[in-house]
Amino acid sequence: AKSPVRIAVTGAAGQIAYALIFRIASGALLGPDQPVILHLLDLPQMQGALGGVMMELEDCAFPLLAGMVATDDPKTAFKDIDIGFLVGARPRGKGMERKDLLGANAEIFTVQGRALNDAAKRDVRVLVVGNPANTNAYIAMKSAPDLSPDCFSAMIRLDHNRAASMLAAKAGVNVGDIEKLIIWGNHSPTMYPDWRFAEAGGRKLAELVGDEAWNRETFIPTIGKRGAAVIEARGASSAASAANAAIDQVRDWVVGSNGRWVSMAVASDGGYGVPEGIMFGVPVTASGGKVTRIRDLALDEFARSRFEITLNELKEERAAIAHLLK
Ligand code: NAX
């Protein structure tokens, strides 16, 4: 039998985690023959609720669940982990300015980055889900100087999946047949869903849909505001779809995307003119924890303008937290 993989989930008593942890334990992440040990981190006042989640995990009798640890200490949570889902974050409170939100989260992610640096396996793969996800991932990466930047990514897959679904409906194709779709940039309403290269069943989506007005006036704004639309309808933010996207992104990263392009926010290596280190959504293929960036795609004038908007937002976020990094 395979030896267990240690997987940490932070914000483990929260709603995304509630949709995520059970799927990890069932085998949806790493397959039906890979045992897992769950490391569950949440704040001290959430340990009671977290105990309830653990009771439910026991009650599922998952054959693959080889153990679990609950803690409020990041170093304990990240001890020897292979994979980390960093879901817990400080939500935007009433009257909180954007820079206060960035600052509060910078504190959390410097602490967690250092704990990963000290305690995690050297080839750990860390997905940051908690918002502002790209900048939180950047902070964690910068706070973990002994780990390769390749250990970190931020979740842009929910935007990717949302865009794939909407395009599939418009084109009348199965969502599973859509390839070469890209989400550029920040996980925020500025992200740029780009289907200029996308195909379904060997045909260009541009031929199947071919509607630039729909792209600019309906598609891009709808994907950008999808999270807000879910909150409006459900009275709570996306949880099951966020957990599903987290599973998709990490599975493609560590198991493999089978040559398919997927969108991941990874530390820039300078490609596409994005300053090095910025966590930027780009198209990649992945396998065995290694990411291969799709390079040198042409950006036309409109694409370039959308690209710059989301890049500028990430540069501003980086500037706003720069003084907190040492
Ligand atoms: P919840 O408020 O339900 O859960 C968050 C949990 O994190 C809580 O249990 C809280 O106690 C815990 N927490 C807070 N600070 C912590 C810390 N320092 N260490 C450990 N745990 C801590 O939020 P939920 O709906 O689960 O969302 C979690 C995060 O995901 C939010 O930041 C949210 O904005 C973000 N999202 C990111 C998405 C993405 O695509 N990247 C999409 C979905 C979601 O909006």
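Reading the values: the criteria
Residues numbered from 1 in each chain as written. Predicted model: local features only at pLDDT ≥ 70, side-chain atom pairs only at ≥ 80, totals over all residues. Heavy atoms only, no water. UniProt positions renumbered as here; feature names shortened; annotations may be inferred. Buried < 20%, exposed > 50% of the residue type's maximum accessible area, 1.4 Å probe, protein only. Helix = DSSP H or I, 4+ residues; strand = E, 2+ residues; numbered from the N terminus. Pairing = 2+ DSSP bridges. Right-handed = clockwise from strand over helix to strand, strands pointing away. Salt bridge = Lys/Arg side-chain N within 4 Å of Asp/Glu carboxyl O. Phe/Tyr/Trp six-rings, centres within 6.5 Å; stacked < 30°, edge-to-face > 60°. Lys NZ or Arg CZ within 6 Å of the ring centre and 35° of its normal. Expected span 1.5 Å × (residues − 1). Near = heavy atom within 4 Å. Polar contact = N/O pair within 3.5 Å; in protein donor to acceptor, adjacent residues only side chain to side chain. Areas by Shrake-Rupley, 256 points an atom, 1.4 Å probe, with all protein chains shown as cover. Nonpolar A, V, L, I, M, F, W, Y, C, P; charged D, E, K, R; others polar. Contact = heavy atoms within 4.5 Å.

In the nomenclature of an unreviewed UniProt entry, the protein chain corresponds to Malate dehydrogenase from the organism Acidiphilium iwatense. Looking at the Function (unreviewed entry) heading of the UniProt record, one finds this comment for the protein chain: "Catalyzes the reversible oxidation of malate to oxaloacetate." Per UniProt, the protein chain carries the Sequence similarities (unreviewed entry) text "Belongs to the LDH/MDH superfamily. MDH type 2 family."

This part covers the pairing of strand S5 (residues 125-128). On a regular strand, each side chain points to the face opposite its neighbour's, so the side chains alternate between the two faces of the sheet. Residue alternation in S5 divides its side chains into two sets, Arg 125 and Leu 127 and Val 126 and Val 128, and both sets are buried. Pairing geometry for strand S4 (residues 83-86) and S5, over four bridges, is parallel. In the sheet register, Ile 83 faces S5, and the bridge partner there is Arg 125. Tracing the backbone out of S4, into helix H4 (residues 98-119) and back to the parallel element S5 gives a crossover that is right-handed.

Note on sheets: strands pair through backbone hydrogen bonds, and any given pair is parallel or antiparallel. Pairing within the open sheet is antiparallel, and its three strands lie in the order S7-S10-S11. Because the sheet does not close on itself, it has two edges, and the strands there are strand S7 (178-179) and strand S11 (203-204).

This part takes up the pattern of salt bridges. For the coordinates displayed, the defined rule picks out 17 salt bridges. For Lys 75, the salt bridge is made with Asp 118, and the minimal N-O distance between the two is 3.4 Å. One end of the pair, Lys 75, is in helix H3 (residues 74-77); the other, Asp 118, is in helix H4, with 43 residues separating them in the sequence. When its relative accessible area of 43% is taken as the criterion, Lys 75 is described as partly exposed. Residue Lys 180 pairs with Glu 199 through a salt bridge whose shortest N-O separation is 3.9 Å. Linking Lys 180 in the loop between S7 and strand S8 (182-184) with Glu 199 in strand S10 (residues 199-200), this pair joins segments that are 19 residues apart in sequence. Note on Glu 199: relative accessible area 22%, which makes it partly exposed. Here the salt bridges share partners, and the residues they tie into one network are Arg 157, Asp 248, Arg 251 and Asp 252.

In total, this model carries nine aromatic pairs according to the counting rule given. Here the aromatic residues Trp 184, Tyr 272, Phe 280 and Phe 307 are joined through ring pairs into a cluster of three or more. If you follow Arg 216 out to its NZ or CZ, it ends over the ring of Phe 302, 3.9 Å from the centre. The side chain of Arg 304 reaches across the aromatic face of Phe 307, ending 5.2 Å from its centre.

Time to look at helix H10 (residues 240-254). The terminal C-alpha atoms of H10, which comprises 15 residues, lie 21 Å apart, in line with the 21 Å expected from a rise of 1.5 Å per residue. Those residues of H10 that fall on the buried side of the exposure criterion are Ala 242, Ala 243, Ala 245, Ala 246, Ile 247, Asp 248, Gln 249, Val 250, Asp 252 and Trp 253.

So, about the site of the ligand. What surrounds the ligand is a group of 23 residues, the closest being Gln 15, Ile 16, Asp 42, Val 129 and Asn 131. Val 129 places a polar main-chain atom, nitrogen or oxygen, 3.2 Å from a nitrogen atom of the ligand. Taking His 187, its side chain carries an N or O atom lying 3.1 Å from an oxygen atom of the ligand. Protein chains shield 81% of the accessible area of the ligand, which is 880 Å² for the free molecule. Here the shell around the ligand is built from residues that sort into twelve nonpolar, ten polar and one charged.

So, on to the UniProt feature "binding site: substrate" (unreviewed entry) in the protein chain. Within this numbering scheme, the UniProt entry marks Arg 92, Arg 98, Asn 131 and Arg 162 as carrying the feature "binding site: substrate" (unreviewed entry). Annotated residues spanning 71 residues; largest pairwise C-alpha distance 25.0 Å, indicating distribution over more than one region. Tracing the backbone through its elements, the reader meets Asn 131 in the loop between S5 and helix H5 (133-142). Note on Asn 131: relative accessible area 37%, which makes it partly exposed. Among all residues touching Asn 131, those that are not within four sequence positions of it are Ala 89, Arg 90, Asn 105, Asn 136 and His 187. Tracing the backbone shows Arg 162 in helix H6 (residues 157-171). Each residue touching Arg 162, except ones within four places of it in the same chain, is listed here: Ile 223, Arg 226, Gly 227 and Ser 238.

Moving on, we get to the UniProt feature "domain: Lactate/malate dehydrogenase C-terminal" (unreviewed entry) in the protein chain. The UniProt record annotates "domain: Lactate/malate dehydrogenase C-terminal" (unreviewed entry) at residues 157-319. Secondary structure content for residues 157-319 is 46% helix and 19% strand, and the end C-alpha separation is 25 Å.

Turning our eyes to something else, we now look at the side chain of Asp 252. Here Asp 252 shows up in helix H10. You can call Asp 252 buried: its relative accessible area is 9%. Residues within four places of Asp 252 in sequence aside, it is in contact with Arg 157, Ser 257, Val 262, Ala 286 and Ser 287.

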